[in-house]
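Geometric and topological summary
Single-letter residue listing:
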Amino acid sequence: MSLRIEDYALIGDTQTAALVGHNGSLDWLCLPRIDSGACFAALLGDPDHGQWTLAPLGGARTTRRGYRDDTLVLETELVNDEGTVRIVDCMPIRHDHPRVLRVVEGVRGRVRMRSDVRVRFEYGHDRPWIRTDGERIRAIAGPHAVVLDGDVPHRADEHAVCSAEFTVGEGDRVGLRLAWTGPRQAEPEPVDIAGTVRATERWWRDWAGRCTYRGEYRDAVVRSLIALKALAYSPSGGIAAAATTSLPEQLGGVRNWDYRFCWIRDATFTLMALLEAGYEREARDWREWMLRAMAGAPGQMQIMYGVDGERRLTESELPWLPGYAGSRPVRIGNAASAQFQLDVYGELMDALHQARTHGIPPDPDAWQLQRTLLDFLESHWDDPDNGIWEMRGPRRHFTHSKVMAWAAVDRAVQGVERFGLGGPADRWKALRHDIFTQVCDQGFDTARNTFTQYYGGSGPDASLLLIPAVGFLPAGDPRMRGTVDAIERHLVQDGFVQRYTMNERTEELDGLPPGEGAFLPCTFWLADNYILQGRHDEGRHLFERLLALRNDVGLLSEEYDTGAQRLVGNVPQAFSHVALIDTALNLQSEDGPARRRGSQGPG
Ligand SMILES: OC[C@H]1O[C@H](O[C@H]2O[C@H](CO)[C@@H](O)[C@H](O)[C@H]2O)[C@H](O)[C@@H](O)[C@@H]1O
């Protein structure tokens, strides 16, 4: 039986990431990059799809698990009749090869331990050759080689399972190392385990120490920032939307997607949260990544890229993997990369505007890119699109998409008026006015007193909760109050918000059968609207309910299954952690980030 999604903690080196279960089992690890083939893919299958188990021989229960304060160094305490051990897991910040370090510390008694390492490259498909060289083991297949060694030797069997048994007494420490190396790369040097764990701890503590948020939710905010930093790909400045692929939006369902890419939308939201929390260096890195990834013809702009800016993210299925809790298909790549999503223009223009507002040193290429995007938008804002939810059905005039087109033009006008940048401000103002008028005429249902999911539609959509955040209308506007009211009536289930109504017509709209959990970012956005409407107690109450959904190490996935009371979807999900940070900031100050962005009105 698979562990629950909330049973996993994250470790990472800001280039890739791994998931460790509360039982000490390393079930997900992609090497060398976050979007590379996994060499441990038991998360989406069984142990023979790749796994590193490290646990007391006679079984054990977990008594405590947590990160060493503001770091990504994980401690898991396991207890059985023989005593207690602590497993310390981390990935050192990378200088040469990606590595995983695991240290077993004896806390009480004498505990017999077993380590079983099954390396299976390419998402559990490729069983490697195993070569033993003294105390070192090499698992090799194609472009990959993994080297395993440490304080106790592993022995390989005929099934390519490398195992070690050892006993730890109180005060003992047994360190194990795994490193990846590519073709013709030098053999990884055996690093000093204890010293490297300490250096990793220091690195994260220093990084977290740069956080400027000092409010009452500091622990939750810092943990979310650390999760975002772990999703950032440091060589390029790109930011992945999550560390996993195909954790299902519904247990046993088909909505299983690969999130190990850089969505312009998710990354710009991340950038804004990082900026608000004092992380300007990361914001600069992101801007550089984005300018490079998007360089070229505006008509070829994509809504997502690989972490290094790759454009071809062809979606395919991995039929040998049964999927998490039987949720098939398991997909890699993402067909949404070829979609037209209008909101991305608004998010991008907003992010670059925020960077300017925060005094990030100007980059002339940024304004040039913005002008090119505006030229494109002037002739395409009125086209139907796939929308923020990446609907795989026919394109439509989604109201949120048009609001974001408005935001894009608004930020261009502000570029001229507030920052003295060059551009046809009067023409842009007229366009901004036209979009505003169209949205209010065609995207608002006067009879039902709500903005609608798409022009002429009858129901609301949770993305409309972002209207005040981008400054299209204030939260107190009667049309927004009506929309929040409609969302409460139609999209809130057990207190959490669904993205949109799912019913027998869903397949026609989004090209997929209905069925998914409540979408956590949308629920944070509802809390933001409460706060901005002056309904502070309701906002705080909802925020605290959301905080309670975090797992024991403070992580959130994308969605929550209110029936099963389980986290669902990919994990950790940047979108959810960004929304958490934004709401914490909004709670701290009524004039929080959501109030500072746009012109508030037709302009
Ligand atoms: O549910 C359908 C879509 O789900 C994914 O998209 C969602 O995740 C993205 C990354 O966080 C986010 O930007 C988007 O707004 C979400 O809808 C998936 O990537 C899509 O392929 C899929 O159609």
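These numbers come from a predicted model, not from an experiment.

Analysis parameters
- Residues numbered from 1 in each chain as written.
- Predicted model: local features only at pLDDT ≥ 70, side-chain atom pairs only at ≥ 80, totals over all residues.
- Helix = DSSP H or I, 4+ residues; strand = E, 2+ residues; numbered from the N terminus.
- Rg over C-alpha atoms; globule rule 2.2 N^0.38 Å.
- Buried ≥ 20, exposed ≤ 12 C-beta atoms within 10 Å, placed from the backbone.
- Contact = placed C-beta atoms within 7 Å.
- Near = placed C-beta within 6 Å.
- Nonpolar A, V, L, I, M, F, W, Y, C, P; charged D, E, K, R; others polar.
- Domains from an automatic or database assignment.
- Pairing = 2+ DSSP bridges.
- UniProt positions renumbered as here; feature names shortened; annotations may be inferred.
- Expected span 1.5 Å × (residues − 1).
- pLDDT = per-residue confidence, 0-100.
- Axes fitted to C-alpha atoms, helices over the stretch in contact; angles between N-to-C directions.
- Parallel < 35°, antiparallel > 145°, perpendicular 65-115°, else oblique.
- Left-handed = near helix turned anticlockwise from the far one by under 90°.
- Arc of directions from axis to C-beta.

Structural notes on the overall build of the protein chain
Scanning the protein chain for helices and strands turns up 14 helices and 28 strands. For the protein chain, the C-alpha radius of gyration of 24 Å lies close to 25 Å, the compact-globule estimate for 603 residues. Dimensions of the protein chain along its principal axes, counting C-alpha atoms only, are 75 × 45 × 45 Å. Counting the 603 residues in the protein chain, one finds 55% classified as buried. In the protein chain, 66% of the contacts between residues at least 6 apart in sequence involve partners at least 24 apart.

Focus: the site of the ligand
For the ligand, the set of nearby residues contains 14 residues, the closest of which are Ala241, Trp257, Ala336, Trp389 and Glu390. Split into classes, the residues belonging to the shell around the ligand amount to 8 nonpolar, 1 polar and 5 charged.

Brief notes about the domain arrangement of the protein chain
Each assigned domain of the protein chain is listed with its residue range as follows: domain 1 (5-205) and domain 2 (221-595). Just the C-alpha atoms count here: the centres of domain 1 and domain 2 sit 35 Å apart. Each partner contributes residues to the interface: domain 1 has 27 residues there, and domain 2 has 35 residues. Elements with a contribution of two residues or more to the side of domain 1 that touches domain 2: strand 1 (8-12), strand 6 (61-67) and helix 1 (121-124). By residue number, the principal contributor to the side of domain 1 that touches domain 2 is strand 1, which donates 4 residues. Across the side of domain 1 that touches domain 2, the residue classes break down as 14 nonpolar, 8 polar and 5 charged.

Digging into the sheet that holds strand 27 (residues 559-561)
Ordered by their spatial adjacency, 3 strands build an open sheet running 26-27-28, and the pairing between neighbours is antiparallel. Across the chains shown, the open sheet's two edge strands, defined by having one partner strand only, are strand 26 (518-519) and strand 28 (566-568). Here strand 27 pairs with strand 28 via 3 bridges, running antiparallel. The partner of Tyr560 across the bridge, within strand 28, is Leu567.

Some remarks on the UniProt feature "domain: Trehalase-like N-terminal" (unreviewed entry) in the protein chain
Look at the UniProt record and you will see "domain: Trehalase-like N-terminal" (unreviewed entry) annotated at residues 3-148. Structurally, residues 3-148 comprises 3% helix and 56% strand, and the distance from its first C-alpha atom to its last is 25 Å.

Let's talk about unusual backbone geometry
Cis geometry is found at the peptide bond from Arg328 to Pro329, where omega equals -5°. Look at the link from Val571 to Pro572: it is a cis peptide, with omega at -25°. Even without being a glycine, Tyr123 presents a positive backbone phi close to 60°. Relative to the helices and strands, Tyr123 resides in helix 1. Judged by local crowding, Tyr123 falls into the buried class, with 24 C-beta atoms found within 10 Å.

A look at helix 6 (residues 343-357)
With 15 residues, helix 6 ought to run about 21 Å at 1.5 Å a step, and its terminal C-alpha atoms sit 21 Å apart, in line with that. In terms of residue burial, helix 6 counts as a mostly covered element, since 14 of its 15 residues are buried.

Thoughts on the confidence of the model for the protein chain
With 98% of its residues at a pLDDT of 70 or more, the protein chain shows a mean pLDDT of 95. Both confidence scores are given for the complex: pTM 0.96, ipTM 0.95.

Here we look at the UniProt feature "domain: GH15-like" (unreviewed entry) in the protein chain
In this structure's numbering, the residues bearing the UniProt feature "domain: GH15-like" (unreviewed entry) are residues 216-584. Annotation note: span residues 216-584, helix share 45%, strand share 8%, distance between end C-alpha atoms 8 Å.

Some remarks on the pairing of strand 1
In terms of burial, strand 1 is a largely internal element, 5 of the 5 residues being buried. Here strand 1 shows two buried faces, one formed by Tyr8, Leu10 and Gly12 and the other by Ala9 and Ile11. With 5 bridges connecting them, strand 1 and strand 2 (residues 17-21) associate as antiparallel partners. Within the sheet, the bridge partner assigned to Gly12 lies in strand 2 and is Ala17. A loop of 4 residues connects strand 1 with strand 2, the two strands running antiparallel in sequence, and Thr14 in this loop sits at a positive phi of about 65°.

Let's talk about the pairing of strand 12 (residues 144-150)
Among the 7 residues of strand 12, 7 are classified as buried, and the element is accordingly described as predominantly covered. Sheet topology note: the strand 11 (residues 136-141)/strand 12 ladder contains 5 bridges and is antiparallel. If you follow Ile137 over to strand 12, its bridge partner there is Leu148. The turn linking strand 11 back onto strand 12 is made up of 2 residues, and Gly142 within it adopts a positive phi angle of 55°. Alignment of strand 12 against strand 15 (residues 173-181), held across 6 bridges, turns out to be antiparallel. Each bridged residue has a counterpart across the sheet, and for Ala145 the counterpart in strand 15 is Thr181.

Considering the environment of Asp35
In this fold, Asp35 is placed in the loop between strand 3 (26-30) and strand 4 (38-40). The exposure class of Asp35 is buried, given the 23 C-beta atoms found within 10 Å. Taking the C-alpha atoms as reference points, Asp35 and Ala243, 208 residues apart in sequence, are found 8.2 Å from one another. Setting aside residues up to four positions removed in sequence, Asp35 forms contacts with Cys30, Arg260, Phe261, Gly306 and Val307.

Quick notes on the packing of helix 8 (residues 399-419) against helix 9 (residues 425-442)
It is the contact of helix 8 with helix 9, at a shortest axis distance of 9 Å, that shows an interaxial angle of 155°. With respect to helix 9, the element helix 8 is oriented roughly antiparallel. Crossing of helix 8 against helix 9: the hand is left-handed. In contact with Thr399, Lys402, Val403, Ala405, Trp406, Val409, Asp410, Ala412, Val413, Val416 and Glu417 of helix 8, helix 9 contributes Ala425, Trp428, Lys429, Leu431, Arg432, Ile435, Phe436, Gln438 and Val439. Looking at the contact of helix 8 with helix 9, its residues break down into 13 nonpolar, 2 polar and 5 charged.

Concerning the packing of helix 12 (residues 520-532) against helix 13 (residues 536-547)
Where helix 12 meets helix 13, the closest approach of the two axes is 7 Å, and the angle between their N-to-C directions is 160°. Regarding the angle of helix 12 to helix 13, the classification is roughly antiparallel. Classified by chirality, the crossing of helix 13 by helix 12 is left-handed. Where helix 12 abuts helix 13, its residues Leu520, Thr523, Phe524, Leu526, Ala527, Tyr530 and Ile531 lie against His536, Glu538, Gly539, Leu542, Phe543 and Leu546. Its residues assigned to classes, the contact of helix 12 with helix 13 comprises 9 nonpolar, 3 polar and 1 charged.

So, helix 13
Look at helix 13: 16 Å from first C-alpha to last across 12 residues, which is about the 16 Å you get at 1.5 Å a residue. Of all the residues in helix 13, the buried ones are Gly539, Leu542, Phe543 and Leu546. Taken end-on, helix 13 shows its buried residues confined to a sector of 100°, consistent with a single buried face. Contacts from the buried residues of helix 13 go to helix 12 and helix 14 (574-588).

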